[in-house]
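# Report on the structure
Residues per chain are reported as follows:
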Amino acid sequence: MAIDIRITQAINEAVKEAGQPETLARRLIAWFEAVTSGNEDINDQATTARHLEVLFEGTIVENTDIEDED
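To keep things clear, this report deals only with the structure shown in the data block. The model shown is predicted, which means the values in this text are computed figures rather than measured ones. (Residues numbered from 1 in each chain as written. Predicted model: local features only at pLDDT ≥ 70, side-chain atom pairs only at ≥ 80, totals over all residues. Heavy atoms only, no water.)

### Observations concerning the packing of helix α1 (residues 5-17) against helix α2 (residues 22-37)
Running from amino to carboxyl end, α1 crosses α2 at an angle of 150°, the nearest separation of the two axes being 9 Å. Regarding the angle of α1 to α2, the classification is roughly antiparallel. Pair α1 / α2 crosses with right-handed handedness. Facing Ile 7, Thr 8, Ile 11, Asn 12 and Val 15 of α1, the residues of α2 in contact are Leu 24, Ala 25, Leu 28, Ile 29 and Phe 32. Among the residues making up the contact of α1 with α2, the classes are represented as 8 nonpolar, 2 polar and no charged. (Axes fitted to C-alpha atoms, helices over the stretch in contact; angles between N-to-C directions. Helix = DSSP H or I, 4+ residues; strand = E, 2+ residues; numbered from the N terminus. Parallel < 35°, antiparallel > 145°, perpendicular 65-115°, else oblique. Left-handed = near helix turned anticlockwise from the far one by under 90°. Contact = heavy atoms within 4.5 Å. Nonpolar A, V, L, I, M, F, W, Y, C, P; charged D, E, K, R; others polar.)

### Some thoughts on the pattern of salt bridges
Scanning the entire structure with this criterion turns up 2 salt bridges. Among the salt bridges present, the one from Asp 4 reaches Arg 6, with a minimum N-O distance of 2.9 Å. With a relative accessible area of 32%, Asp 4 lands in the partly exposed category. The closest approach of N and O atoms between Arg 26 and Glu 22, which form a salt bridge, is 3.1 Å. One end of the pair is Arg 26 and the other is Glu 22, both in helix α2 and 4 residues apart, which spans about a single turn. (Salt bridge = Lys/Arg side-chain N within 4 Å of Asp/Glu carboxyl O. Buried < 20%, exposed > 50% of the residue type's maximum accessible area, 1.4 Å probe, protein only.)

### Some points on the packing of α2 against helix α3 (residues 45-57)
Running from amino to carboxyl end, α2 crosses α3 at an angle of 165°, the nearest separation of the two axes being 10 Å. With respect to α3, the axis of α2 lies roughly antiparallel. Note that α2 runs across α3; the crossing there is left-handed. Judged by residue contacts, Leu 24, Arg 27, Leu 28 and Trp 31 of α2 engage Thr 48, His 51, Leu 52, Val 54 and Leu 55 from α3. A per-class count over the contact of α2 with α3 returns 6 nonpolar, 2 polar and 1 charged.

### Here's the deal with α3
Spanning 13 residues, α3 covers 18 Å between terminal C-alpha atoms, matching the ideal 18 Å at 1.5 Å per step. Regarding α3, the residues found buried are Thr 47, Thr 48, His 51 and Leu 55. Looking straight down α3, one finds that the buried residues subtend no more than 100° of arc, so they occupy a single side. Turned more than 90 degrees away from the buried face of α3 sit Gln 45, Ala 46, Phe 56 and Glu 57, all of them exposed. Buried-residue contacts for α3 involve α2. (Expected span 1.5 Å × (residues − 1). Arc of directions from axis to C-beta.)

So this is what it looks like as structure tokens:
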């Protein structure tokens, strides 16, 4: 089962609006498609951790010099 085109469009739009690379959208969509098709198990912690690591690595975060308020 493929994911709804509106979800794909929303992911692409959100990634673009957030100033993130297009590859991030493709990775998110691929993971969603794998889960919905049954090729990936969202409850598999090791697989989920691997996917999240790839997504975190592909996300651009601006370096801000905010001090911790401890």
